[in-house]
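# What the coordinates show
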Amino acid sequence: MIKLASAILLVSCAMAQDQSGRLQFDWDKLAAKAVEKTNVVLEGPMLQMASQFLSGGKKDEADVKKLVEGLKGVYVRSFEFDKEGQYTAADVAGIRSQLKSPEWSQVVDVQERNETSAVYLKSDGKLFQGLVVVSAEPKELTVVQIIGLLDPSALNALGGSFGIPSMNFSPKSRGPAPVKKK
Amino acid sequence: MSELEQDLRNVLRRQDPPEGFTERVLARTRQHSAPSASRWIGVAIAAGLLLAAGNFEYRQYEGRKAKRELLLALSITGNKLNIVHQKITDLNKRTTHD
């Protein structure tokens, strides 16, 4: 009976996590091997609080404030390793396999010898509902996930700020032109 | 009885308190206990203000921290998007040259 209750509880937790839309992965496994790690988890009230502290007077912060309005969560996991081979291709595949079509569109997929970069967008045709960037370098793995309504105009306005390139994000074109290099 | 003794007797003779003396003493006693209650109210107000100030400071700290994290997240996102953008630009240039 206890086992059954535990199993139901576990399944409920798993379902709850899936419903939030967050990528699931054993991040602790990577964190244990990393020499530097960044973990940003901003959601709900904390995200709104961050927005309140952004200055409306500074253009770049005002643009971020506008962008954050519709967001539900911002998650960044970045790991730097002192040597190569600390994560496997299967690890990256495990993350990317959660971003399936038609819900997610892979708008960029650049694969080089030891590096892969991919950008995924979730769109309802008018607005973006999510953005994921997966960047895998020999000694670094970074996964960025932004959940919530992303106003393309607000995203475009941020081009040039915070290192964000000036790109024309548009849900109709489903983001920048897909490019695949192998 | 000497004159001195007579004077002392006059001064120290038993005398009833004036009318309303007891009530006045009791009223004065009550007045003395009143500042004690107001002192507690003062302490409570001071503690409340201190808590409010602490809460405000804590929210300020949390807000600034959240803002820093948000800008860090955007900076990392921007950096990675920039790398991707650069790779695409390089690839397009190479494709054009080829």
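Summarised in this report is the structure supplied together with it.

Calculation rules
- Residues numbered from 1 in each chain as written.
- Chains lettered and ligands numbered in written order.
- Predicted model: local features only at pLDDT ≥ 70, side-chain atom pairs only at ≥ 80, totals over all residues.
- Heavy atoms only, no water.
- Buried < 20%, exposed > 50% of the residue type's maximum accessible area, 1.4 Å probe, protein only.
- Helix = DSSP H or I, 4+ residues; strand = E, 2+ residues; numbered from the N terminus.
- Pairing = 2+ DSSP bridges.
- Arc of directions from axis to C-beta.
- Contact = heavy atoms within 4.5 Å.
- Core = buried A, V, L, I, M, F, W, Y, C linked by side-chain atoms within 4.5 Å.
- Patch = residues over 30% accessible without salt bridge, like charges linked within 9 Å, V, L, I, M, F, W, Y side chains within 5 Å.
- Areas by Shrake-Rupley, 256 points an atom, 1.4 Å probe, with all protein chains shown as cover.
- Salt bridge = Lys/Arg side-chain N within 4 Å of Asp/Glu carboxyl O.
- Buried area = accessible area lost by both parts, 1.4 Å probe.
- Polar contact = N/O pair within 3.5 Å; in protein donor to acceptor, adjacent residues only side chain to side chain.
- Nonpolar A, V, L, I, M, F, W, Y, C, P; charged D, E, K, R; others polar.

All names here are of chain A. The element strand β5 (residues 128–137) is extensively covered by neighbouring structure, given that 9 of its 10 residues are classed as buried. For strand β4 (residues 116–123) and β5, the ladder comprises 8 bridges, and the chain directions are antiparallel. Paired with Ala118 across the bridge in β5 is Val134. Counted along the chain from β4 to the antiparallel partner β5, the turn is 4 residues long, and its residue Gly125 has a positive phi close to 100°.

Moving on to helix α5 (residues 89–96) of chain A. Residue and element names in this part refer to chain A. Asp91, Val92, Ile95 and Arg96 are the residues of α5 that are buried. The arc that holds every buried residue of α5, seen down its axis, measures 130°, which confines them to one face. With respect to the buried face of α5, the exposed residues turned more than 90 degrees away are Ala89 and Ala90. Its buried side turned inward, α5 meets α2 (27–33), β3 (105–111), β4, β5 and β6 (140–150).

By size, the foremost hydrophobic cluster in this structure holds 35 residues, and its most contacted members are Val74, Val119 and Leu150 of chain A together with Leu70 of chain B. For this core, the leading source of residues is helix α2 (residues 21–97) of chain B, giving 9 residues. Filtering out sequence-adjacent residues up to four positions away, Leu150 of chain A remains in contact with Leu67, Leu71, Leu127, Phe128, Gly130, Leu131 and Leu155 of chain A. Listed in part, the 19 residues of the second largest apolar core include Ile95, Leu99, Trp104 and Ala136 of chain A.

Glancing now at the side chain of Gln86 of chain A. Topologically, Gln86 of chain A is positioned in the loop between β2 (71–80) and α5. Overall, Gln86 of chain A belongs to the buried group, its relative accessible area being 13%.

Among the residues of helix α4 (residues 59–68) of chain A, those classed as buried are Glu61, Asp63, Val64, Leu67 and Val68 of chain A. In an axial view of α4 of chain A, the angular spread of the buried residues amounts to 155°, which keeps them on one side of the axis.

Residue and element names in this part refer to chain A. With respect to burial, β2 is a largely interior element, 8 of its 10 residues being buried. With 8 bridges connecting them, strand β1 (residues 36–43) and β2 associate as antiparallel partners. Looking at β2, one finds that Glu43 is bridged to Gly73. Pairing of β2 with β6, which is carried by 9 bridges, proceeds in the antiparallel orientation. Looking at the pairing, Tyr75 lines up with Gln145 of β6.

Moving on, we come to a nonpolar patch on the surface. Residues and elements named next belong to chain B. Residues Leu4, Leu8, Val11 and Leu12 make up a contiguous nonpolar surface patch of about 460 Å² in total accessible area. Following the sequence through the fold, Leu12 ends up in the loop between α1 (3–11) and α2. Leu12 sits in the exposed class, given a relative accessible area of 66%.

Taken residue by residue, the interface counts 40 residues in chain A and 28 residues in chain B. Between chain A and chain B, the buried area comes to about 3000 Å², and carbon and sulfur atoms account for 77% of it. Looking at the side of chain A facing chain B, the largest losses of area belong to Met49, Phe53 and Phe162 of chain A, adding up to 19% of the total buried there. Connecting chain A to chain B are 5 salt bridges. For the interface between chain A and chain B, the tally reads 5 residue pairs in polar contact (both at pLDDT 80 or more). Here the side of chain A that touches chain B is composed, by residue class, of 27 nonpolar, 6 polar and 7 charged.

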